[in-house]
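An overview of the molecular structure
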Amino acid sequence: MTNERELDRRAIDTIRFLAVDAVQKAGSGHPGMPLDAAPMAYVLWSRFLKHDPADPRWIDRDRFVLSAGHGSALLYALLHLTGYEEMTLEQLERFRQWGSLTPGHPESHLTGCVEASTGPLGQGIGNALGMAIAEAHLAARYNRPGHTIFDHRTYVIASDGDMMEGVQAEAASLAGHLALGKLIVLYDSNRVTLSGTTSITFTEDVAARYQAYGWHVQTVDDGNDVDALSRAIRAARDATSQPSLICVRTVLGFGAPNKAGSFEAHGNPLGPDEVKRTKEHLGWPEEPPFFVPREVLVHLRAALERGKTAREGWSRRFADYREAFPELAAEIERRFRGALPAGWDEGLPQLPADAKGMATRKASETILQSLAHRVPELVGGSGDLDPSTFTWLKQDGDFEPPQRFDASAQGTVGGGWSYAGRNIHFGVREHAMGAAVNGLAYHGGVIPFGATFLVFSDYMRASIRLSAIARLHTIWVFTHDSIAVGEDGPTHQPVEQLLALRAIPGLVVLRPADANETRCAWQVALARTEGPTALALTRQHVPTLDRTVYAPAEGLRRGAYVLNPELADPQMILIGTGSEVSLVVAAERVLRERGVRARLVSMPSWELFAAESAAYRESVLPASVRARLAVEAGRAIGWERWVGSSGDVLSVDRFGASAKGDVVMTQYGLTADHVVARALAVLAR
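Residues numbered from 1 in each chain as written. Predicted model: local features only at pLDDT ≥ 70, side-chain atom pairs only at ≥ 80, totals over all residues. Heavy atoms only, no water.

The name recorded for the protein chain in an unreviewed UniProt entry is Transketolase, from Sandaracinus amylolyticus. On record in UniProt, under Sequence similarities (unreviewed entry), the comment for the protein chain is "Belongs to the transketolase family." According to the UniProt record, the Subunit (unreviewed entry) comment for the protein chain reads "Homodimer." (UniProt positions renumbered as here; feature names shortened; annotations may be inferred.)

For the protein chain, the helix and strand inventory stands at 25 helices and 22 strands. Based on the C-alpha atoms only, the size of the protein chain along its principal axes is roughly 95 × 60 × 45 Å. A total of 685 residues make up the protein chain; the buried ones form 61% of that total. Partitioning the contacts of the protein chain with sequence separation of at least 6, the portion at a separation of at least 24 is 76%. Total accessible area on the protein chain stands at roughly 25200 Å², and carbon and sulfur atoms take up 51% of it. (Helix = DSSP H or I, 4+ residues; strand = E, 2+ residues; numbered from the N terminus. Buried < 20%, exposed > 50% of the residue type's maximum accessible area, 1.4 Å probe, protein only. Contact = heavy atoms within 4.5 Å. Areas by Shrake-Rupley, 256 points an atom, 1.4 Å probe, with all protein chains shown as cover.)

What follows is about the sheet that holds strand S1 (residues 63-66). Reading across the sheet, the five strands line up as S1-S2-S3-S7-S6 and stay open at both edges, with parallel pairing between neighbours. Lying at the two open borders of the sheet, with one neighbouring strand each, are S1 and strand S6 (216-220). Pairwise comparison of adjacent strand axes, ignoring direction, gives a mean angle of 15 degrees for this sheet. Across five bridges, S6 lies against strand S7 (residues 244-249) in parallel orientation. Each residue of the ladder has a partner; that of valine 217, found in S7, is leucine 245. Each of S1, strand S2 (154-159) and strand S3 (183-189) touches helix H5 (residues 123-142); the most contacted strand, S2, lies at about 170 degrees to it. (Pairing = 2+ DSSP bridges. Axes fitted to C-alpha atoms, helices over the stretch in contact; angles between N-to-C directions.)

Below, the discussion takes up the pairing of S1. On S1, burial covers both faces: Arg63 and Val65 on one face and Phe64 and Leu66 on the other are all buried. Where S1 lies against S2, four bridges are found, and the strand directions are parallel. When the bridges of S2 are listed, arginine 63 appears paired with threonine 154.

Where burial is concerned, most of strand S20 (residues 598-602) is hidden: five out of the five residues are buried. Taking every second residue as pointing to the same face, both faces of S20 are buried, with Ala598, Leu600 and Ser602 on one and Arg599 and Val601 on the other. Sheet topology note: the strand S18 (residues 561-562)/S20 ladder contains two bridges and is antiparallel. When the bridges of S20 are listed, valine 562 appears paired with valine 601. Bridge analysis of strand S19 (residues 572-576) against S20 gives five bridges, and the strand direction is parallel. Directly across from leucine 574, in S20, lies its bridge partner leucine 600. Crossover connection from S19 via helix H20 (residues 581-593) to parallel S20: handedness right-handed. (Right-handed = clockwise from strand over helix to strand, strands pointing away.)

Here we come to the UniProt feature "site: Important for catalytic activity" (unreviewed entry) in the protein chain. Here, UniProt's "site: Important for catalytic activity" (unreviewed entry) annotation points to His30 and His266. Despite a sequence span of 237 residues, these residues sit close together in the fold, their greatest C-alpha distance being 5.3 Å. Among the secondary structure elements, histidine 30 is positioned in the loop between helix H1 (2-26) and helix H2 (32-48). Apart from residues no more than four positions distant in its own chain, histidine 30 is found in contact with Val23, His70, Arg96, His266 and Gly267. Here histidine 70 takes part through its backbone oxygen, which lies 3.4 Å from a polar atom of the side chain of histidine 30. Relative to the elements of secondary structure, histidine 266 occurs in the loop between S7 and helix H10 (272-281). Residue histidine 266 is classed as buried on the basis of its relative accessible area, which comes to 12%. In this structure histidine 266 touches Gly29, His30, Pro31, Gly32, His70, Thr193, Leu194 and Leu252, once residues within four positions along its chain are discounted. (Polar contact = N/O pair within 3.5 Å; in protein donor to acceptor, adjacent residues only side chain to side chain.)

The next point concerns the layout of surface pockets. Reported here for the largest pocket is a volume of approximately 750 Å³. For the largest pocket, the lining is made up of 30 residues, of which Ala441, Tyr442, Gly444, Leu472 and Thr529 are closest to its centre. Residues of the lining of the largest pocket, tallied by class, amount to 13 nonpolar, nine polar and eight charged. Looking at the lining of the largest pocket, you find at least three residues from each of domain 1 (4-308) and domain 2 (354-543). (1 Å grid on protein atoms, 1.4 Å probe; cavity = no way out; pocket = protein on both sides within 12 Å on 5 of 7 lines; lining within 4 Å. Points joined across faces, edges and corners; volume = space filled by probe spheres on them. Nonpolar A, V, L, I, M, F, W, Y, C, P; charged D, E, K, R; others polar. Domains from an automatic or database assignment.)

Once the charged atoms of two side chains with opposite charge are near each other, the side chains can pair. With the rule as written, the count across this model stands at 34 salt bridges. Among the salt bridges present, the one from glutamate 377 reaches arginine 334, with a minimum N-O distance of 2.7 Å. Here glutamate 377 is found in the loop between helix H14 (360-374) and strand S9 (378-382), whereas its partner arginine 334 is found in helix H13 (residues 326-337), with 43 residues between them in sequence. Given the relative accessible area of 3%, glutamate 377 is considered buried. Arginine 334 sits in the buried class, given a relative accessible area of 11%. In this structure, arginine 597 and aspartate 569 form a salt bridge, with 3.4 Å as the shortest nitrogen-oxygen distance. Pair noted here: arginine 597 is in the loop between H20 and S20 and aspartate 569 is in the loop between S18 and S19, with a separation of 28 residues, a long-range link. Ionic contacts of the salt-bridge type, sharing partners, join the residues Asp481, Arg502, Arg511, Glu580 and Glu632 into one network. (Salt bridge = Lys/Arg side-chain N within 4 Å of Asp/Glu carboxyl O.)

A separate point is H13. Between its terminal C-alpha atoms H13 stretches 17 Å, which fits the 16 Å expected from 12 residues at 1.5 Å a residue. Of the surrounding elements, those touching the buried residues of H13 are H5 and helix H12 (302-324). Immediately beyond the C-terminal end of H13, within one or two residues, lies glycine 338, with a positive phi of roughly 80 degrees. (Expected span 1.5 Å × (residues − 1).)

This paragraph deals with the packing of H5 against helix H7 (residues 166-178). Viewed as axis vectors pointing N to C, H5 and H7 meet at an angle of 25 degrees, and their least axial separation amounts to 8 Å. The angle between H5 and H7 falls in the class roughly parallel. Crossing hand, H5 versus H7: left-handed. Together, Gln123, Ile125, Gly126, Leu129 and Ile133 of H5 and Val167, Gln168, Ala171, Leu174, Ala175 and Leu178 of H7 make up the contact between the two elements. Broken down by class, the residue content of the contact of H5 with H7 amounts to eight nonpolar, three polar and no charged. (Parallel < 35°, antiparallel > 145°, perpendicular 65-115°, else oblique. Left-handed = near helix turned anticlockwise from the far one by under 90°.)

Set out below in structure tokens:
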């Protein structure tokens, strides 16, 4: 027992000082959290976490999310010590340096053994919610009696800062409602943040709050008590009908004689003298830095053998499953490869020309129902707005805990209540929805979407931005995309949101002009596996263009295309997006009667068009045609790239107003007559 205790202590201190040395060598970072959280991380990773360092993407591994991403050096130390091949000691020595796999906050697209890109506090808890939803959904869909294929947990280490963020509260509330018993959060309660102790800002009873959310809650009074930590995690694993929170009382910067318990240990290196004193205090050799005792490495590298054993056992079970259920097994393998089903987009609805047409949100609904039958991994929901965003999958049931309702109860969508349901009700929680959708994508095996009004994309902007940083295959569906929303007024009318979304690198924004462009937009969103896509859809009806007269809607795939390519030698170019394409189409007819040759361009995506070759862009917007007018119900900023110094933009550069949508559009000059007048003015110049 003494030897075992000593080995635990040395392993914990190895984790601590790998992190401390990494921060000190980098000259920046957060040493305080690794010093205090190392014992809980050690217990979790050495005794409970099911993972195989030799196969970081094994389907049935437990997921670990460091929501307190500023403590990234802790995670990198764990990954190195447990045998993840890419996390070498050299990478720890290059912490926070250009080209390393050890950036200041974890980045999943950069470091393959990192589960989630965390940093903005609270996001990791929301990501973990999505991961736990994915596990529950896949288990309900694919597990069969005697054949358990999906059976893993999602673990989180979170900080006081995480517990203050609103996204965490939203996510925890929903997790409790959904009774996600395989979600376990270890809360590193050291009561210190970047600027001081939590006594100046954060004195609530977190444990009581989580109990009210419906969580199983425990407290470990001494964060260095390995046995107490083990008992708490074991009890959390047994609480299968509730997510679990373990509040662990710790001391920030544990062991640092002059900085322990102080905010000075949070976000700055300890300094050479304090590092020396801390090592002396904890009985650790001062030299060499990055010291790893052989017995500790052997002890923690046992994760390789345990992981191999666990994965091989799962592989045997999956082989039996494949024999019993060959089609389901093939579907699981395809989904985790990220490959879409053969013929998934063949025969999607082609909607006929119609002067009245339909709202693109309604066209999206039609397309989505067809896709749902072909792409079973398509899963998602909205922020309590299904009747307005039309993003429900009508025949696929609601994701809800079956034990919460009578067996005879039915959900709002066909199929009743079940974790197998594909419609996730996020409630009025846009921020948590965004983080959870990202978590679903991180988990794998699903293509997730989240929907709300375009104006509320601001609430979830951090999550959208992270989906782009992490290059996640997420789909953001934003309806009510302009001041045509009408009577709800400026609080619900997006003006600057399209510009804000287009400003996010790696996010493709699509604003389809009609029903058939909407079909193509969904095809693009599903086929784009290396990054997120945002669809901006109308509330109001827009005409469905006659594609025997105008170019096929498939031109959307290239970001912009000429609607009337037969027109020779144009005098000017009219560019429209979304609902405003119908305005430029109507204006072109009037201009034609007046002898003006106007090229029509639908430009649903700046990003896709910018990625095309220079030759293609020139074929759509020839430099020789300097008279250009762009029309969009949003801010004009950025359009100068496409209209040039001689062009003009008919835009909305002030907040909206409360009135019927067509009235607001007219008052703001978004009419075909006004387009004609502005076009003639441009041409005259």
